[in-house]
Amino acid sequence: MPRIGLAPIATLRYWSAKRLALLIGFLLTIIGSLGTQLVVAPYENASSALELRAKDLSAKIDTVKNAQAQYILFQQQGALIFAMSAAGVSAGATNGPQIISQLFQLNMLDRTEAIQTIIGSLALDRQLDYRTTFDRYKNLVDAARKDISLATYTAVDDQEKELSHQATEEIGRFQGVLTQVQQLKSQADASADRSKLLLLVAMALGATFLLAANLISTRDTKMDQAARGLPPPSAASDGRVTELSTAAYLIEVALNQARAIGGGKPDA
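Bear in mind that the values here come from a model prediction, so they are computed numbers and not experimental data. Per chain, residues are indexed from 1 in the order of the written sequence. Given that this is a predicted model, residues contribute local features only at a pLDDT of at least 70 and side-chain atom pairs are listed and counted only at 80 or more, while totals for whole chains, interfaces and linings are drawn from all residues. Excluding hydrogens and water, the side-chain figures rest on all heavy atoms present in the structure.

Q: How do you make sense of the overall build of the protein when you look at a structure like this?
A: Here a helix means four or more residues in a row that DSSP labels H or I, a strand means two or more in a row labelled E, and each is numbered from the N terminus. Check the secondary structure of the protein and you find five helices and zero strands. Reading the protein from its N end, one meets helices and strands in the order α-α-α-α-α. Residues counted as buried form 28% of the 268 residues belonging to the protein. Think of it in three bands: residues with accessible area under 20% of the maximum for their type are buried, residues over 50% are exposed, and the middle band is partly exposed, with areas taken using a 1.4 Å probe on protein chains only.

Pasting the structure below:
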């Protein structure tokens, strides 16, 4: 039975310097080309998703802050109107009490809009039930609009302060999550940039090895011609030797850059 030998490609003798350079150059070029989709793209997709999440959180924070600012403004106006009503500032005027009552009712409506936004944000964050909370608050507001008294005004004010306090806590939670999201985005961006640099180095190394293989082939042709006693190559061909040295230098530079990007120290 005939003995089956190894294929030439599986022997060490087959892998000359030129073939090794061709293989390494080809593999590095393929890695650099496919790595953009396989390595860089996932980091960039994650960064885009995190950026959208950060924008959403920022929008929620701004919405709650604006609602709180409106509430504080209307609450101060309401306190002033109630104080005027309690002190009887317009009691001497014929329609003074009616004007104060109308101003107070309008103020309550303005405050309701701001508090409604806060309740909606808290409900979206699953901190309370929107319908139950808003209906309870609306009943307090309706009672205060019908009867301007210390008891009805205090009931509305206490409910609003409680909701505003919950909104402040919600802003703190949003800001904590926003900070984490921004940190994750920064890490994803840094990983993407690092991967891009490594892939560029891989492609540069691949091109350099392919150039070296071409120059080695030229050198072998020159030596073969000399062995056959053929005329020496032209001066342009002699320049290939210098090009070969340049290729070796480029390989060394690319390797040093790869070590630097990978965290190692480049060779001196």
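Q: What should I look at first to understand the pattern of salt bridges in this one?
A: Pairing between side chains becomes possible if they bear opposite charge and their charged atoms approach one another. Take a side-chain nitrogen of Lys or Arg and a carboxyl oxygen of Asp or Glu: if they are within 4 Å of each other, that pair is a salt bridge. Under the criterion given, the structure shown has eleven salt bridges. Taking the shortest distance from any N to any O, the salt bridge between Arg-131 and Asp-135 comes out at 3.1 Å. Taken together, the residues span about one helical turn, with Arg-131 and Asp-135 both in helix H3 (residues 130-146) at a distance of four residues. Taking the relative accessible area as the measure of exposure, Arg-131 reaches 47% and is therefore partly exposed. With a shortest N-O distance of 3.2 Å, Asp-142 and Lys-138 are connected by a salt bridge.

Q: Can you walk me through the environment of Gln-70 in this structure?
A: Mapped onto the elements of the fold, Gln-70 is located in helix H1 (residues 17-87). Expressed as a C-alpha distance, the spacing of Gln-70 and Arg-111, which sit 41 residues apart in the sequence, is 7.7 Å.

Q: What should I look at first to understand the side chain of Glu-170 in this one?
A: Of note, Glu-170 is situated in helix H4 (residues 150-227). Charge counting treats Lys and Arg as positive and Asp and Glu as negative, with His and both chain ends excluded. Buried Glu-170, no salt bridge; nearest opposite-charge side chain is Arg-173, N-O distance 5.0 Å. The definition of a polar contact used here is a pair of N or O atoms within 3.5 Å, where within protein one atom must be able to donate a hydrogen and the other to accept one, and adjacent residues in sequence count solely through side-chain atom pairs. Among the polar contacts made by the side chain of Glu-170, one reaches the side chain of Ser-121 at a distance of 2.9 Å. Here, residues are in contact when the closest pair of their heavy atoms is within 4.5 Å. Once you skip the residues sitting within four places of it in the chain, Glu-170 turns out to touch Val-64, Ser-121, Leu-122 and Asp-125.

Q: Is there a simple way to think about the packing of aromatic side chains in this case?
A: Geometrically, a pair of aromatic rings is defined through the distance of the ring centres and the angle of the planes. Stacked, tilted and edge-to-face are the three classes applied to pairs of Phe, Tyr and Trp rings, where Trp contributes its six-membered ring and a pair requires centres within 6.5 Å; stacked means planes under 30 degrees apart, edge-to-face means over 60, and tilted covers the rest. Going through the model one piece at a time under the given rule, you end up with two aromatic pairs. Ring geometry for Tyr-130 versus Phe-134: centroids 5.7 Å apart, planes at 5°, classification stacked. Taken together, the residues Tyr-130 and Phe-134, both in helix H3 and four residues apart, mark about one turn of the helix. Residue Phe-134 is classed as buried on the basis of its relative accessible area, which comes to 10%.

Q: Got a minute to help me understand the environment of Phe-82 in this structure?
A: Within the secondary structure layout, Phe-82 lies in helix H1. Along the sequence, Phe-82 and Ile-148 sit 66 residues apart, while their C-alpha atoms lie 7.9 Å from each other. With residues near it in sequence (within four places) discarded, Phe-82 still touches Phe-104, Ile-148, Ser-149, Leu-150 and Tyr-153.

Q: Teacher, can you tell me more about H3 here?
A: Structural remark: α-helix, 3.6 residues per turn; residues separated by three or four positions point the same way. The length a helix should cover is 1.5 Å for every residue beyond the first. In this model H3 runs 24 Å from its N-terminal to its C-terminal C-alpha over 17 residues, within 8% of the 24 Å that 1.5 Å per residue would give. Turning to H3, its buried residues number three or more, namely Thr-133, Phe-134, Tyr-137, Val-141 and Ala-144. For H3, the buried positions fall inside an angular range of 90° around the axis, keeping them on one side. In H3, the exposed residues that point more than 90 degrees away from the buried face are Asn-139 and Lys-146. Note that the arc is computed from the directions linking the helix axis to the C-beta atoms.

Q: Would you explain the nonpolar core in this entry?
A: Nonpolar side chains in soluble globular proteins generally cluster together in the buried interior. Each nonpolar core is a collection of buried residues, namely Ala, Val, Leu, Ile, Met, Phe, Trp, Tyr and Cys, held together in the definition by side-chain atoms within 4.5 Å. Residues Phe-104, Met-108, Ile-115, Ile-118, Ile-119, Val-156 and Leu-163 are the most contacted members of the largest nonpolar core, which totals 30 residues. Counting only elements with at least two residues in this core, the list comes to H1, helix H2 (96-124), H3 and H4. Of all the elements, H1 adds the most residues to this core, at nine residues.

Q: Hey, could you run me through unusual backbone geometry in this one?
A: Negative phi values dominate among residues other than glycine, just as trans dominates among peptide bonds. Positive phi outside glycine occurs at Arg-126, with the angle close to 60°. The residue Arg-126 is located in the loop between H2 and H3 in this model.

Q: I tried to follow the side chain of Gln-75 on my own but got confused; where do I start?
A: Relative to the elements of secondary structure, Gln-75 occurs in helix H1. Using a relative accessible area of 17% as the deciding quantity, one classes Gln-75 as buried. Of note is the side chain of Gln-75, whose polar atom sits 3.1 Å from the side chain of Asp-157. Not counting chain neighbours up to four residues away, the residues in contact with Gln-75 comprise Arg-111, Tyr-153 and Asp-157.

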